[in-house]
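Chains, contacts and geometry: an overview
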Amino acid sequence: MIIHNLGEENSVLNQFILEIRDSQIQKDAMRFRRNIERIGEILCYEFSKELTYSPQNVETPLGNKAMSLSHDQVVICSILRAGLPLHQGLLNYLDAAENGFISAFRKHEGDDDDFEVIVDYFAAPSLEGKVLVLTDPMLATGRTLENVLLALKESHGTPSAIHIISVIGSQQGISFIENIFPENTHLWIAAVDPELNSRGYIIPGIGDAGDLAYGQKL
């Protein structure tokens, strides 16, 4: 897997990461969603450099100009519900992208820390020969992405390339998916944290991204 950790560089991205981590600022759900969206825009810009490009001529009022444009067919598949602001960030830049949505949740048995990831809804176009972009804001254990990949393989075709876009990941989760996805898969991530707690949440992380964006669930 080819890992692009943008958090290792100094950029305005760090301000948005700070704000989604800050326990006081993140209480503003609208600001939280917008920050995730802006992080998605930055990650999308960086990811777009890996698309394939070909020359195209554009006629201006005063002449002609040759430019390089991508003609890849891109499908953005996002994990509901936490992935929606991140998904929108990518759509802001990828006007012609197709869209897929996946419902995946952790199922705990009682108070046990062990859980399984259940994928119970998946809607997406054919992925055959297209660039697949999987967006999941929190790459914790990596098991959600593993189950999503299995669901995709069953009936939606083989993409020409796979890119994973996440906001924050754990080192453990990244190591896990490196053994699951093809070795030419790209991971674009804004920050990497060192560990998980006993219930599989990223430390220090941000908390529950879905709850912060859209409110607590039962």
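If you're wondering where the values come from, they're calculated on a predicted model, not measured in any experiment. Residue positions are given per chain, counted from 1 along the sequence in the order it is written. Given that the model is predicted, a residue must reach a pLDDT of at least 70 before its local features are reported, and side-chain atom pairs must reach 80 or more before they are shown or counted; all residues, however, enter totals for whole chains, interfaces and linings. Hydrogens are left out, water is left out, and the side-chain values use all remaining heavy atoms of the structure.

Attention now moves to the packing of helix H2 (residues 29–47) against helix H3 (residues 84–91). Lines fitted to C-alpha atoms define the axes here, with helix axes fitted over just the stretch in contact, and angles between the N-to-C directions of these axes take values from 0 to 180 degrees. A run of H or I in DSSP becomes a helix once it reaches four residues, and a run of E becomes a strand once it reaches two; helices and strands are each numbered from the N terminus. Packing of H2 against H3 leaves a shortest axis separation of 7 Å and a crossing angle of 45 degrees. With respect to H3, the axis of H2 lies oblique. By crossing handedness, the relation of H2 to H3 is classed as right-handed. In this structure, H2 contributes Arg33, Ile36, Glu37, Gly40, Glu41 and Cys44 to the contact, and H3 contributes Pro85, Leu86, Gln88, Gly89 and Leu90. Each residue is assigned to one of three groups, with Ala, Val, Leu, Ile, Met, Phe, Trp, Tyr, Cys and Pro labelled nonpolar, Asp, Glu, Lys and Arg labelled charged, and all others, Gly among them, labelled polar. Within the contact of H2 with H3, the residues separate by chemical class into five nonpolar, three polar and three charged. An angle below 35 degrees is read as roughly parallel, one above 145 as roughly antiparallel, one from 65 to 115 as roughly perpendicular, and any other as oblique. Note on convention: near helix rotated counterclockwise from far helix by under a right angle means a left-handed crossing. Clockwise means right-handed. In this analysis, two residues are considered to be in contact whenever any of their non-hydrogen atoms come within 4.5 Å of each other.

For the rest of this paragraph, the subject is the pattern of salt bridges. In the sections that follow, a salt bridge refers to a side-chain nitrogen of Lys or Arg positioned within 4 Å of a carboxyl oxygen of Asp or Glu. Inspection of every chain in the model, using the stated rule, returns seven salt bridges. Taking the shortest distance from any N to any O, the salt bridge between Asp193 and Arg21 comes out at 2.9 Å. You can see Asp193 sitting in strand E10 (residues 186–193) and its partner Arg21 sitting in helix H1 (residues 13–21), a full 172 residues away along the chain. Here the term buried applies to any residue with accessible area under 20% of the maximum for its type, exposed to any over 50%, and partly exposed to those in between, with areas from a 1.4 Å probe on protein chains only. Judged by its relative accessible area of 26%, Arg21 falls in the partly exposed class. For Lys130, the salt bridge is made with Glu98, and the minimal N-O distance between the two is 2.8 Å. In this pair, Lys130 sits in the loop between strand E6 (115–123) and strand E7 (131–135) while Glu98 sits in strand E5 (residues 98–108), placing the two residues 32 residues apart along the sequence. Residue classification places Glu98 among the partly exposed positions, given a relative accessible area of 28%. Overlapping salt bridges bring together Arg34, Glu37 and Glu41 as one network.

Here Leu90 is to be found in helix H3. By relative accessible area, Leu90 is classed as buried at 0%. On a C-alpha basis, the gap between Leu90 and Gly200 in space is 27 Å, while along the polypeptide they are 110 residues apart. Each residue touching Leu90, except ones within four places of it in the same chain, is listed here: Gly40, Cys44, Ile76, Val133, Thr135 and Ile165.

In this section: the pairing of strand E4 (residues 74–80). Counted residue by residue, E4 has six buried out of seven residues, so it is predominantly covered. What makes two strands pair is DSSP finding at least two bridges between them. Direction of pairing for E4 relative to E7: parallel, over a ladder of five bridges. By the bridge assignment for E7, Val75 is matched with Leu132.

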